[in-house]
Amino acid sequence: MKTKFIFITGGVVSSIGKGLAAASLGALLEARGLRVTMQKLDPYINVDPGTMSPFQHGEVFVTDDGAETDLDLGHYERYTNARLSKKSNFTTGQVYFSVIDKERRGDYLGGTVQVIPHITDEIKAKILANVKDTDVAIVEVGGTVGDIESLPFLEAIRQFRFDRGAGNTLYIHVTLVPYIRAAGELKTKPTQHSVMELRKIGIQPDILLCRCDRELPQDMRRKISLFCNVEENAVIPSVDAEHIYAVPLALHRERMDEQVVEKLNIWTKQPELTPWQDVVETLRHPSNGEVRIAIVGKYVNLTESYKSLSEALTHGGIANDCRVTFKYVDAEKIEEDGAASWFEDIDGILVPGGFGERGTEGKIKAIEYARLNNVPFFGICLGMQMAAIEFARNVCGLTSANSTEFVANCPQPVIHLMEEQRSISAKGGTMRLGACPCTISADTRAYEAYGDTDISERHRHRYEFNNQYRDQLTSNGLVLSGLNQELDLVEIIELPNHPWFLACQFHPEFKSKPLYPHPLFKAFIKGALSERSRD
């Protein structure tokens, strides 16, 4: 079958849920037996989000091939079986970078380089480059209709219908139908104006996905249909869901996937949604109650910075038939107040990745509390490095132990800059990125979780465990349960005489899905459940 293209745009406000809508649609189409790929187009001029602050952009999601991408790719991978890559996310910066490079090489034969056709052709080429052995390509255009930054992307997808044919392209517009409390009613005008903006540039939506906080009455659907020139049954409400993993089921009830395959003239089987129904049932009615996990970081005021992390913890709860709630703890507050008062009501402590010195001493105090009080602990990336430093200081007597990231001339650099990073000065895309192999030792918690000795996990870091301190730390009880044999790097550490204490240099959260929870998160939540029951 010739690949069909679905383009998803958003209007009225940002953060309207285009990414979740795209991911949910991908899940529904896969449930119908279709092969799906997904892509995000970002209008900002940065080449990628790798150097952007989490406060600016939220989480940076990392793919197997080392792309630093938008967090929506995390949604795509969690909801579908698509294995995404560097081709799955591109920005205005990448597009212009490529076009200017071609112009310098003389590829345009002395012609005037313009937005149309050169920039739009480059965008279309990048969309097509992501399509291989797939039935449907779902392409989300970032930003909001009306933004000047997204105009070249919208023009490119407008041209797609002429290039590929009406039966091979579909436009879905996600818009807002707000409830005005003073008037006591939903208002359709923002949706009308958003569609008007799209139609001005030549795009007529085929389906409208109307975000609202309550049911959308039939007469309002009829009104939206009339004013927006969209079939009434293609005006689909998307009411705020109790859980984000209930969205695919909600959209299916509104027959969205049926509309999509009908308009694209695709024959499919009826969707098999039992696994999603089981996930939602577990989230609503868990048999094993609730565990509360403290996430100790420095971006806690913007929880989108830990999106994959919080979702992976939820997946661990699904695997253990329990609900997981979060307590976000500012590491700097622990530095001020001490650890004990922050952890009285929790069943496990997680220290995630991060960069920079701020809050690191608070994280070390949190890890010490977990170690001494037998609280299940999970450290990720910087969290593993902090765990190694805490152990070196408080168990091995290396009182000056630290990382050269924070103290350049540290006398006891338990964590130091990777050898291959020493000659690198550029910041963008130069870390150890993407999937790397790891060999796990038998008779360890890591092996118990994975059930295998050979794994592959995704990385995003510059600093590593200093092998000069291996013997000193292991002789005092630290177990190095996972190693990269080729580069001789420590990947996983754990404490055997603790209910559950494990930390890893990689980011396991990037590979966790609600239907396939990651082994380490599954094991961590199981450990937290066990300790809660014991208490």
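Computed from a prediction, not measured in an experiment: that's the story for all the values here.

Enquirer: Can you lay out unusual backbone geometry for me, pointing to particular residues and giving the numbers?
Expert: A cis amide bond, omega 15 degrees, links Ile-116 with the succeeding residue Pro-117. Counting through the fold element by element, Pro-117 comes out in helix 5 (residues 115-129). Despite not being glycine, Asp-133 shows a phi value in the positive range, around 55 degrees. Turning to its location among the elements, Asp-133 is positioned in the loop between helix 5 and strand 6 (136-141). The exposure class assigned to Asp-133 is exposed, which follows from its relative accessible area of 57%. Notably, Cys-381 is not glycine yet its phi reads approximately 55 degrees, a positive angle. By the element assignment, Cys-381 lies in the loop between strand 15 (377-380) and helix 15 (382-394). A relative accessible area of 6% places Cys-381 in the buried class.

Enquirer: If you had to explain the sheet that holds strand 21 (residues 479-484) to someone new, which residues and values would you point to?
Expert: If you walk across this open sheet you meet the nine strands as 13-12-14-15-23-22-21-18-19, and the pairing is mixed. Bordering the open sheet on either side are strand 13 (323-330) and strand 19 (454-461), each of which pairs with just one other strand. Between one strand and the next, the sheet's axes are offset by a mean angle of 25 degrees, whatever the strand orientation. Here strand 21 runs beside strand 22 (residues 489-494); their pairing, made up of five bridges, is antiparallel. Paired with Leu-480 across the bridge in strand 22 is Ile-493. Contacts from helix 14 (residues 360-372) reach strand 12 (290-297), strand 14 (348-351), strand 15 and strand 23 (501-504) within the one sheet, and its direction differs from that of strand 14 by about 150 degrees.

Enquirer: Residues and numbers for the packing of helix 14 against helix 15, please.
Expert: The N-to-C vectors of helix 14 and helix 15 enclose an angle of 70 degrees; their axes lie 9 Å apart at closest approach. As summarised for this structure, helix 14 and helix 15 are arranged roughly perpendicular, according to the angle between their axes. The hand of the helix 14/helix 15 crossing is right-handed. Contacts from Thr-360, Glu-361, Lys-363, Ile-364, Ile-367, Glu-368 and Arg-371 in helix 14 reach Leu-382, Gly-383, Met-386, Ala-387, Ile-389, Glu-390, Phe-391, Arg-393 and Asn-394 in helix 15. In terms of residue class, the contact of helix 14 with helix 15 is made up of seven nonpolar, three polar and six charged.

Enquirer: Go over the sheet that holds strand 16 (residues 401-403), please, and point to the residues and values.
Expert: With mixed pairing, the three strands of this open sheet are ordered in space as 16-17-20. Each edge of the sheet is formed by a strand with only one pairing partner; in this case those strands are strand 16 and strand 20 (463-465). Neighbouring strand axes in the sheet, compared pairwise and without regard to direction, differ in orientation by 30 degrees on average. Direction of pairing for strand 17 (residues 412-417) relative to strand 20: antiparallel, over a ladder of three bridges. Paired with His-416 across the strands is Glu-464, a residue of strand 20. Running at roughly 160 degrees to strand 16, helix 15 makes contact with strand 16, strand 17 and strand 20 of the sheet.

Enquirer: Provide a residue-level description of a nonpolar patch on the surface, including the pertinent values.
Expert: There is a patch of nonpolar side chains on the surface, built from Tyr-96, Ile-100, Val-115 and Ile-116 and spanning about 340 Å² of accessible area. When you line up the elements, Ile-116 lands in helix 5. Residue classification places Ile-116 among the partly exposed residues on the basis of a relative accessible area of 47%.

Enquirer: Please provide a residue-by-residue account of the nonpolar core, values included.
Expert: If you look at the biggest cluster of nonpolar residues, it comprises 59 residues, and the most contacted ones within it are Ile-6, Leu-29, Ile-138, Ile-172, Leu-216 and Val-260. If you tally residues by element for this core, the top one is helix 1 (residues 18-31), at eight residues. Beyond its immediate chain neighbours, meaning those up to four positions away, Val-260 contacts Ile-6, Leu-25, Leu-29, Leu-170, Ile-172 and Ile-207. Ile-364, Leu-382, Ile-389 and Val-414 belong to the second largest nonpolar core, which has 44 residues in total.

How each quantity is defined
Residues numbered from 1 in each chain as written. Predicted model: local features only at pLDDT ≥ 70, side-chain atom pairs only at ≥ 80, totals over all residues. Heavy atoms only, no water. Helix = DSSP H or I, 4+ residues; strand = E, 2+ residues; numbered from the N terminus. Buried < 20%, exposed > 50% of the residue type's maximum accessible area, 1.4 Å probe, protein only. Pairing = 2+ DSSP bridges. Axes fitted to C-alpha atoms, helices over the stretch in contact; angles between N-to-C directions. Contact = heavy atoms within 4.5 Å. Parallel < 35°, antiparallel > 145°, perpendicular 65-115°, else oblique. Left-handed = near helix turned anticlockwise from the far one by under 90°. Nonpolar A, V, L, I, M, F, W, Y, C, P; charged D, E, K, R; others polar. Patch = residues over 30% accessible without salt bridge, like charges linked within 9 Å, V, L, I, M, F, W, Y side chains within 5 Å. Areas by Shrake-Rupley, 256 points an atom, 1.4 Å probe, with all protein chains shown as cover. Salt bridge = Lys/Arg side-chain N within 4 Å of Asp/Glu carboxyl O. Core = buried A, V, L, I, M, F, W, Y, C linked by side-chain atoms within 4.5 Å.

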